Amino acid sequence: MKLDQIDCLLLEALQQEASLSQRALSEKVGLSQNACWRRLRALEDRGVIRGRTVLLDRAQLGATLVVFVMVKTRHHSADWLNAFRRHVRTIPNVVDFFRIGGEYDYMLKIVARDMADYDLCYKRLIEGVELDTVTSFFAMEAIEEQRPIPLRPIG
């Protein structure tokens, strides 16, 4: 895959503000609107841009509790993993979900209104599949969240 400086500028601008108009975006990166549109389509077609989202203020929505849940399991088969993935996807409060290396096998980021809301998520998590250990870490402050991905040309 190739990614040149103009592609990087487009992606950086979109990470900062995905609602930029075609005109504003093309001015920002120094391209005509048509050239900008063609580049964006190419980045979408290649799967570099998977979609566009809106960042919400958790506090204003009452979702102030952030919990990082670390999971260990004794099961490492493909069938178990697929069942676990399906189960976790049914819990809407899980906003990020990773298979990781190290002491734990999986890490989930859960956003909840309060401890009672998190407890409901926890109960749903442990009822669906057999887990060995579930450890929760409660965030006290979000210092940096949803930061843009650093970019540089590739190829």
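Preceding this paragraph is the structure being described.
Throughout what follows, the structure given in this document is the object of discussion. Computed from a prediction, not measured in an experiment: that's the story for all the values here.

Here we look at the overall build of the protein chain
Scanning the protein chain for helices and strands turns up 5 helices and 4 strands. In the protein chain, the succession of helices and strands from N to C terminus is α-α-α-β-α-β-β-α-β. Against the compact-globule benchmark of 15 Å for 155 residues, the protein chain has a radius of gyration of 20 Å, which places it well outside the compact range. Considered along the principal axes of its C-alpha atoms, the protein chain spans approximately 55 × 40 × 25 Å. Among the 155 residues that make up the protein chain, the fraction classed as buried is 29%. The contacts of the protein chain with a sequence gap of at least 6 include a subset with a gap of at least 24, amounting to 67%.

With respect to helix α4 (residues 78–89)
Here α4 spans 16 Å end to end across 12 residues, near enough to the 16 Å set by a 1.5 Å rise per residue. Those residues of α4 that fall on the buried side of the exposure criterion are W80, L81, F84, H87 and V88. One face of α4 carries all of its buried residues, which in axial projection span an arc of 125°. Seen from the buried face of α4, the exposed residues on the opposite side, beyond 90 degrees, are A78, D79, R86 and R89.

Some thoughts on the packing of α4 against helix α5 (residues 115–128)
One can describe the packing of α4 onto α5 by two numbers: an axis separation of 10 Å at closest approach and a directional angle of 155°. Considering the angle they form, α4 stands roughly antiparallel to α5. Judged by the twist between their axes, the crossing of α4 over α5 is right-handed. Taking contact as the criterion, the partners of F84, H87 and V88 in α4 are, on α5, R124, L125 and G128. A per-class count over the contact of α4 with α5 returns 3 nonpolar, 2 polar and 1 charged.

Some details on the environment of A142
On the secondary structure map, A142 appears in the segment after β4 (133–138). Considering only alpha carbons, one finds A142 and Q22, 120 residues apart in sequence, at a separation of 32 Å.

Some thoughts on the sheet that holds strand β3 (residues 106–112)
Ordered in space as β2-β3-β1-β4, the 4 strands form an open sheet in which the pairing is antiparallel. Two strands in the sheet have a free side with no partner beyond their single neighbour: β2 (94–99) and β4. Pairwise comparison of adjacent strand axes, ignoring direction, gives a mean angle of 20° for this sheet. Bridging between strand β1 (residues 65–72) and β3 involves 7 bridges; their strand directions are antiparallel. Of the residues in β3, the one forming a bridge with M70 is M107.

Conventions we followed
- Residues numbered from 1 in each chain as written.
- Predicted model: local features only at pLDDT ≥ 70, side-chain atom pairs only at ≥ 80, totals over all residues.
- Heavy atoms only, no water.
- Helix = DSSP H or I, 4+ residues; strand = E, 2+ residues; numbered from the N terminus.
- Rg over C-alpha atoms; globule rule 2.2 N^0.38 Å.
- Buried < 20%, exposed > 50% of the residue type's maximum accessible area, 1.4 Å probe, protein only.
- Contact = heavy atoms within 4.5 Å.
- Expected span 1.5 Å × (residues − 1).
- Arc of directions from axis to C-beta.
- Axes fitted to C-alpha atoms, helices over the stretch in contact; angles between N-to-C directions.
- Parallel < 35°, antiparallel > 145°, perpendicular 65-115°, else oblique.
- Left-handed = near helix turned anticlockwise from the far one by under 90°.
- Nonpolar A, V, L, I, M, F, W, Y, C, P; charged D, E, K, R; others polar.
- Pairing = 2+ DSSP bridges.

Geometry only, nothing functional implied.
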